[in-house]
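Fold and geometry: a report
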Amino acid sequence: MKIGIPKEIKNNENRVGATPAGVKELIAHGHEVYVQHTAGEGSGFADSEYEKAGAKILPSIEDVYSIAEMIVKVKEPIKPEYKLIKKGQVLFTYFHFASDLELTEAMIESGAICIAYETVKDRDGRLPLLIPMSEVAGRMSVQEGARFLEKPQGGRGILLGGVPGVKPAKVLVLGAGVVGRNAAMMAAGLGADVTICDISLPVLRHCDEFMPKNVKTLYSSRHNIESELPTTDLVIGSVLIPGAKTPHLITKDMLKLMRPGTVLVDVAIDQGGSFETSKATTHSEPVYVVDEVVHYAVANIPGAVPFTSTLALTNATLPYALRLADLGWVEACKKDPGLADGVNVVEGKVTFKAVAEAFDLHYTPLTL
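Below or above, wherever it landed, is the structure these notes cover. What you are looking at is a predicted structure, and each value in this text was computed from that prediction instead of being measured.

**Some words on empty space enclosed by the protein**
- Going through the model one piece at a time under the given rule, you end up with one cavity of 30 Å³ or more.
- Estimates place the volume of the largest cavity at around 40 Å³.
- If you go around the largest cavity, the residues you meet are Gly17, Ala18, Leu26, Val72, Thr314, Thr317, Leu318 and Ala321.
- When grouped by side-chain class, the residues that make up the lining of the largest cavity number five nonpolar, three polar and no charged.

**Things to note about the packing of aromatic side chains**
- With the rule as written, the count across this model stands at five aromatic pairs.
- Relative to Tyr117, the ring of Tyr94 lies with its centre 4.8 Å away and its plane at 85 degrees, an arrangement referred to as edge-to-face. Remark: Tyr117 occurs in the loop between β6 (113-116) and α6 (131-148) and Tyr94 occurs in the loop between β5 (90-93) and α5 (101-110); sequence separation between them is 23 residues. Comparing Tyr94 with Tyr117, the two get one shared label, buried.
- Seen in terms of ring centroids, Phe148 and Tyr296 are 5.8 Å apart; in terms of plane orientation they differ by 45 degrees. Their pairing is tilted. Placement of the pair is Phe148 in helix α6 and Tyr296 in strand β13 (residues 293-296), with a sequence separation of 148 residues. Take Phe148 and Tyr296: they sit in the same class, and that class is buried.
- Its end group placed over the ring of Tyr288, Lys279 keeps NZ or CZ at 4.7 Å from the ring centre.
- Here Arg323 stacks its cationic end above the ring of Tyr320, 4.8 Å away from the centre of that ring.

**Let's talk about the layout of surface pockets**
- Considering only enclosed or pocket space, the largest pocket measures out at about 1000 Å³ in volume.
- Around the largest pocket, the lining is made up of 47 residues, and of these Gly177, Val178, Ser238, Val239 and Leu240 lie nearest the centre.
- For the lining of the largest pocket, the elements supplying multiple residues, two or more each, are α6, α7 (178-189), β8 (193-198) and α8 (201-210).
- Broken down by element, the lining of the largest pocket gets its largest block of residues, four residues, from α6.
- In terms of residue class, the lining of the largest pocket is built from 27 nonpolar, twelve polar and eight charged.
- Estimates place the volume of the second largest pocket at around 390 Å³.

**Digging into the pattern of salt bridges**
- If you walk through the whole model with that rule in mind, you get 16 salt bridges.
- With a shortest N-O distance of 3.0 Å, Arg126 and Asp124 are connected by a salt bridge.
- Given the relative accessible area of 46%, Arg126 is considered partly exposed.
- As a salt-bridge pair, Arg323 and Asp336 come within 2.5 Å of each other at their nearest N and O atoms. Taken as a pair, Arg323 in helix α10 (residues 306-327) and Asp336 in the loop between α11 (329-335) and α12 (337-340) lie far apart in primary sequence, 13 residues in all.
- Judged by relative accessible area, Asp336 falls into the buried class, the value being 14%.
- It is possible to trace a salt-bridge network through shared partners that takes in Lys10, Lys75, Glu76 and Asp270.

**As for unusual backbone geometry**
- In this structure, Asn12 is a non-glycine residue whose phi angle is positive, near 55 degrees.
- Relative to the elements of secondary structure, Asn12 occurs in the loop between β1 (2-5) and α1 (20-28).

**Details of the packing of α1 against α10**
- Remark: α1 packs on α10, axes separated minimally by 10 Å, with the N-to-C direction vectors making an angle of 15 degrees. Considering the angle they form, α1 stands roughly parallel to α10. In this structure, α1 meets α10 at a crossing whose hand is right-handed. Across the interface between the two elements, Gly22, Glu25 and Leu26 of α1 pack against Thr314, Leu318, Ala321 and Leu322 of α10.
- Among the residues forming the contact of α1 with α10, the class breakdown is four nonpolar, two polar and one charged.

**What about the sheet that holds strand β9 (residues 215-219)?**
- Taken in spatial order, the seven strands of this open sheet run β9-β8-β7-β10-β11-β13-β12, and their pairing is mixed. Strands at the two margins of the open sheet, each flanked by one partner only, are β9 and β12 (287-290). Averaged over all adjacent pairs, the angle separating strand axes in this sheet is 20 degrees, with direction ignored.
- Pairing geometry for strand β10 (residues 234-237) and strand β11 (residues 263-266), over four bridges, is parallel. The residue bridging Leu234 from the neighbouring strand is Val263, located in β11.

**Focus: the nonpolar core**
- Core analysis: the biggest nonpolar cluster contains 73 residues, and Ile115, Val171, Val194 and Trp329 have the highest contact counts within it.
- For this core, the element with the most residues is α10, which contributes eight residues.
- Val171 has contacts with Leu160, Ala187, Ala192, Asp193, Val194, Thr195, Thr232, Leu234 and Ile236, leaving out every residue within four places of it along the chain.
- Among the nonpolar cores identified, the runner-up in size contains 26 residues, and Val64, Tyr82, Phe97 and Val350 belong to it.

Cut-off values and rules
- Residues numbered from 1 in each chain as written.
- Predicted model: local features only at pLDDT ≥ 70, side-chain atom pairs only at ≥ 80, totals over all residues.
- Heavy atoms only, no water.
- 1 Å grid on protein atoms, 1.4 Å probe; cavity = no way out; pocket = protein on both sides within 12 Å on 5 of 7 lines; lining within 4 Å.
- Points joined across faces, edges and corners; volume = space filled by probe spheres on them.
- Nonpolar A, V, L, I, M, F, W, Y, C, P; charged D, E, K, R; others polar.
- Phe/Tyr/Trp six-rings, centres within 6.5 Å; stacked < 30°, edge-to-face > 60°.
- Helix = DSSP H or I, 4+ residues; strand = E, 2+ residues; numbered from the N terminus.
- Buried < 20%, exposed > 50% of the residue type's maximum accessible area, 1.4 Å probe, protein only.
- Lys NZ or Arg CZ within 6 Å of the ring centre and 35° of its normal.
- Salt bridge = Lys/Arg side-chain N within 4 Å of Asp/Glu carboxyl O.
- Axes fitted to C-alpha atoms, helices over the stretch in contact; angles between N-to-C directions.
- Parallel < 35°, antiparallel > 145°, perpendicular 65-115°, else oblique.
- Left-handed = near helix turned anticlockwise from the far one by under 90°.
- Contact = heavy atoms within 4.5 Å.
- Pairing = 2+ DSSP bridges.
- Core = buried A, V, L, I, M, F, W, Y, C linked by side-chain atoms within 4.5 Å.

Here it is as structure tokens:
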């Protein structure tokens, strides 16, 4: 199979779809890999490393899309890429369709096969291609939250871990999935007073047993969240419903419960956001203020640490990319129902129910 790895063109997205080591493995399986010039540069991988692995370097993104039967990316295609996608071409990347009607319609119109990292499942029902980036995003959410709590950045001017004689900041983590647990661990490690919320009592019991003692658990309800907000300094939104739009756990009215300079970090912005007042931001303009509350809603948080992120992502995606290339997407999905769960759009038809429901589109089961 001819596999294309284009350069990411989303704002400050420095990750790349595969490392040179990943490319070498694809080529060892008999496939041809075409990498766009400087595609890996932002992650610290030179063209010469890809050439040494056996890839062919192409000068433009148009060249890569034109020759490839399968495109392996990191982020969803954006508007300049829509016209480059061919009918029947396999796109293997993060899509987060349920929060983006324009993207969904463009991919339907393209006639491509869209396999979304974020809905692929393993045998235990986990999301193996979302987990590594969720780990990065969860940990970075605390780094970024701590930065924007600084007074020059618009925050309250509070040190996350405090100092002897001065209480630490209070951090509220909404959702105890992979992002939430990593955020709570990072915040706790910095010495913050952390509360993590979820609607699953077994998950909360697990957190209570294994988290550090400065992490408390709280059942997630509107009442409990409202009770925490007046004394919270940093809120991290990390709720995920696979493939579907994220519910708003903090409404605009609830902002008035918070003190000026409180920081909200919305890690779920790719799926619509955990806060009603969230709108996607970029690494170049990461924050905005609503009712004196600082909002950080960068849609590609791990893109800021591309060396770590690209290595972690390739570790997870490579086995699936090999399966797709070796067997073709149809046979690969027949053999692996979890991979089939990743197929969201096929030749103009929506094959993932939550995406169809998000926009009231016709749903066609993949088996049809």
